Amino acid sequence: MVNINATLIAQILNFIVLLAVLAKFCYKPLLKVLDDRRNHIIKDLDSAEQTRLEAESLKAQYAKQLADAREEATAIVDKANKVGQKLHDDLVAQAQAEKEQMLKNATEHIEQEKQQALLDVRTQVVTLATQIAGKIVDQKLNGPEDQALIAKTADTVLDANK
Amino acid sequence: MGAADQASNEIIHYLPTVFQGVTINMQTMYMSWATMIIVILIVAAATSKRDLVPSGVQNIVEMFIEWLGGLMESNMGVEGRRLLTPFIITLFLYIFVGNEMGMLPNFGIHFTSPTNDINVALGLSIPVALLVYVIGIAKQGPAYFKHFIKPFAVFLPLNILEDLVRPVTMAARLFGNILAGEILLIVLNKLTPWIIPDLWIGFSLIIGFLQAFIFTMLTIVALSPVFKALHN
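Only a predicted model underlies this, so the values are computations on that prediction, with no experimental measurement involved. (Residues numbered from 1 in each chain as written. Chains lettered and ligands numbered in written order. Predicted model: local features only at pLDDT ≥ 70, side-chain atom pairs only at ≥ 80, totals over all residues. Heavy atoms only, no water.)

In this section: the overall build of chain A. Summing up its helical and strand segments, chain A has two helices and zero strands in all. Since a compact globule built from 162 residues should have a radius of gyration of about 15 Å, the 61 Å found for chain A marks it as more spread out than a globular shape. Counting only C-alpha atoms, chain A reaches 190 × 25 × 20 Å along its principal axes. For chain A, buried positions account for 15% of its 162 residues. If you sum the accessible surface of chain A, you get close to 12700 Å²; carbon and sulfur atoms cover 62% of it. Positive and negative charge centroids in chain A, built from 21 and 24 side chains respectively, lie 12 Å apart. (Helix = DSSP H or I, 4+ residues; strand = E, 2+ residues; numbered from the N terminus. Rg over C-alpha atoms; globule rule 2.2 N^0.38 Å. Buried < 20%, exposed > 50% of the residue type's maximum accessible area, 1.4 Å probe, protein only. Areas by Shrake-Rupley, 256 points an atom, 1.4 Å probe, with all protein chains shown as cover. Lys, Arg positive; Asp, Glu negative; His and termini not counted. Charge placed at Lys NZ, Arg CZ, Asp CG, Glu CD.)

This is the structure in structure tokens:
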């Protein structure tokens with residue numbers, strides 16, 4: 001039953017022939033298909049990964065743009081607020097200044113009017129007093145010395161009445 | 001008593017025939033050729049219509065190639081897989097189909113497993129043992145022989161023994177399992193014509209697959225140090 005003979009050699013040849021036939025006609029194409037499929041899948045996965053990365057980068061870009069836009073909007077609103085505030089402050093200051101100017105002008109004007117009125121009153125007082133005194137003493141007191149004397153008197157009266 | 005007379009007394013008939021002084025077991029040869037044809041037909045059917053998206057037989061064979069490929073890759077690395085896929089798959093398919101041949105019903109043709117002949121089993125295991133050396137020397141040059149004195153020089157006899165014994169044990173395991181299965185089937189058929197032999201056939205089909213897997217796995221394991229040493 002255990003009888004080693006030339007069948008051994010024949011069998012080795014058989015196997016080599018089988019291997020050669022299969023390797024030439026079947027395995028090469030089959031392994032090529034398996035390789036192709038593997039490469040195809042790897043390529044697909046790579047491409048999917050690529051797409052995912054692109055999408056992520058786009059997303060980040062959009063998020064950045066959104067944040068930028070929001071920041072910009074905030075800045076614009078801030079700026080507008082500041083401008084408005086400044087405008088308001090300026091107007092208020094200007095109004096204040098105008099008010100003060102007007103008050104000052106008015107005060108000056110009033111003072112001037114008052115001075116003028118006093119001057120007028122003094123002149124008329126002097127004239128009247130002179131005329132009255134002239135009538136009283138019945139003589140003309142038109143000399144410069146008389147006038148000065150009367151003015152002095154009138155000033156003294158006015159100052160006392162002030 | 002000649003070889004032919006001697007064989008006629010046995011349960012299994014190898015039909016030894018003498019060609020110009022060289023004895024060849026013709027039954028074994030016929031069955032070996034039949035196995036080769038079946039293997040070629042299976043692989044051809046699986047690969048004739050090669051689609052990127054597989055279906056049918058191609059799917060099964062590809063699944064099976066991927067399975068063996070995974071075993072090869074985990075033991076021999078990617079390089080070993082690329083180099084030896086055709087050899088390992090052919091080896092497995094040949095032994096598997098050969099083992100199952102003996103379980104076919106004998107209508108007209110007397111089916112036996114080619115692997116029930118120690119010549120066939122040795123004819124598969126000796127090339128494997130030689131292949132280990134061929135690849136080892138091709139990959140590492142004369143340095144390959146250093147593996148005999150690893151891990152220490154003391155292991156030299158053990159290592160030589162291992163390399164010599166391996167093909168013998170592989171062949172004996174395959175041949176013994178298949179031959180015993182066929183002899184038992186014949187005996188059971190003579191004892192009880194129904195059911196029991198059928199159960200044994202079912203079991204033998206599993207053994208046929210198992211022995212093919214064991215032989216293939218041992219081949220991969222025998223080849224793996226060559227590639228592992230290369231990686232280290």
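Still more ground to cover, so stick around.
Listed per partner, the contact involves 30 residues of chain A and 47 residues of chain B. In this structure, the connection of chain A to chain B is made through zero salt bridges. Viewed at the interface, chain B and chain A are joined by five residue pairs in polar contact (both at pLDDT 80 or more). (Contact = heavy atoms within 4.5 Å. Salt bridge = Lys/Arg side-chain N within 4 Å of Asp/Glu carboxyl O. Polar contact = N/O pair within 3.5 Å; in protein donor to acceptor, adjacent residues only side chain to side chain.)

What follows concerns the layout of surface pockets. Residues and elements named next belong to chain B. Considered as a void within the structure, the second largest pocket measures approximately 300 Å³ in volume. Residue lining of the second largest pocket: 18 residues in total, with Gly102, Leu104, Asn106, Leu185 and Asn189 positioned closest to the centre. For the lining of the second largest pocket, the secondary structure elements donating two or more residues are helix 5 (156–191) and helix 6 (196–231). At four residues, helix 5 tops the list of elements feeding residues into the lining of the second largest pocket. (1 Å grid on protein atoms, 1.4 Å probe; cavity = no way out; pocket = protein on both sides within 12 Å on 5 of 7 lines; lining within 4 Å. Points joined across faces, edges and corners; volume = space filled by probe spheres on them.)

Further remarks concern the pairing of strand 1 (residues 16–19) of chain B. Each regular strand carries side chains that alternate between the two faces of the sheet. Two elements, strand 1 of chain B and strand 2 (residues 22–25) of chain B, share four bridges in a ladder whose sense is antiparallel. When the sheet's bridge partners are listed, valine 18 of chain B is paired in strand 2 of chain B with threonine 23 of chain B. (Pairing = 2+ DSSP bridges.)

Now for a nonpolar patch on the surface. Residues and elements named next belong to chain B. Where nonpolar side chains cluster on the molecular surface, the patch consists of Ile149, Leu156, Ile160, Leu161, Leu164 and Val165 and spans about 500 Å² of accessible area. Following the sequence through the fold, isoleucine 149 ends up in the loop between helix 4 (118–140) and helix 5. Judged by its relative accessible area of 42%, isoleucine 149 falls in the partly exposed class. (Patch = residues over 30% accessible without salt bridge, like charges linked within 9 Å, V, L, I, M, F, W, Y side chains within 5 Å.)

It is worth spelling out the packing of aromatic side chains at this point. Residue and element names in this part refer to chain B. A complete count under the given rule lists 18 aromatic pairs over all chains for this structure. For the ring pair tryptophan 67 and phenylalanine 92, a centre distance of 6.1 Å and an interplane angle of 80° mean the geometry is edge-to-face. Judged by relative accessible area, phenylalanine 92 falls into the buried class, the value being 2%. For the ring pair phenylalanine 92 and phenylalanine 96, a centre distance of 6.0 Å and an interplane angle of 15° mean the geometry is stacked. Taken together, the positions of phenylalanine 92 and phenylalanine 96, both in helix 3 (residues 56–101) and four residues apart, correspond to about one turn of that helix. Given the relative accessible area of 25%, phenylalanine 96 is considered partly exposed. An aromatic cluster is built from Phe64, Trp67, Phe92, Phe96, Phe209 and Phe213, whose rings are joined through pairwise contacts. (Phe/Tyr/Trp six-rings, centres within 6.5 Å; stacked < 30°, edge-to-face > 60°.)

One non-glycine residue, isoleucine 195 of chain B, adopts positive backbone phi at about 60°. Looking at where isoleucine 195 of chain B falls in the secondary structure, it is placed in the loop between helix 5 and helix 6.

Once that is clear, we can look at the environment of arginine 166 of chain B. Here arginine 166 of chain B shows up in helix 5. Expressed as a C-alpha distance, the spacing of arginine 166 of chain B and threonine 219 of chain B, which sit 53 residues apart in the sequence, is 9.7 Å.

What follows is about the pattern of salt bridges. For the coordinates displayed, the defined rule picks out nine salt bridges over all chains. Taking the shortest distance from any N to any O, the salt bridge between arginine 81 of chain B and glutamate 66 of chain B comes out at 3.9 Å. Using a relative accessible area of 33% as the deciding quantity, one classes glutamate 66 of chain B as partly exposed. Across the pair glutamate 73 of chain B and arginine 81 of chain B runs a salt bridge whose closest N-O atoms are separated by 2.9 Å. Glutamate 73 of chain B gets classed as partly exposed once you look at its relative accessible area, which sits at 33%. Looking at arginine 81 of chain B, the relative accessible area reads 13%, which means it is buried. What emerges from the salt-bridge pattern is a single network uniting Glu49, Arg52 and Glu56 of chain A.

At a minimum axis separation of 10 Å, helix 1 (residues 7–137) of chain A and helix 2 (residues 26–48) of chain B run at an interaxial angle of 5°. Put simply, helix 1 of chain A runs roughly parallel to helix 2 of chain B. Taking contact as the criterion, the partners of Thr7, Ala10, Gln11, Asn14, Val17, Leu18, Val21, Leu22, Cys26, Tyr27 and Leu30 of chain A in helix 1 of chain A are, on helix 2 of chain B, Thr28, Met29, Ser32, Trp33, Met36, Val39, Ile40, Val43, Ala44 and Thr47 of chain B. In terms of residue class, the contact of helix 1 of chain A with helix 2 of chain B is made up of 15 nonpolar, six polar and no charged. (Axes fitted to C-alpha atoms, helices over the stretch in contact; angles between N-to-C directions. Parallel < 35°, antiparallel > 145°, perpendicular 65-115°, else oblique. Nonpolar A, V, L, I, M, F, W, Y, C, P; charged D, E, K, R; others polar.)

Before going further, it helps to examine the packing of helix 4 of chain B against helix 5 of chain B. Residues and elements named next belong to chain B. Relative orientation of the contacting elements helix 4 and helix 5 amounts to 150°, with a least axis distance of 8 Å. Viewed along their axes, helix 4 and helix 5 form a crossing whose handedness is right-handed. Contact residues: helix 4 offers Ile118, Ala121, Leu122, Leu124, Ser125, Ile126, Val128, Ala129 and Tyr133, while helix 5 offers Asp163, Pro167, Met170, Ala171, Ala172, Leu174 and Phe175. Tallied by class, residues from the contact of helix 4 with helix 5 come to 14 nonpolar, one polar and one charged. (Left-handed = near helix turned anticlockwise from the far one by under 90°.)

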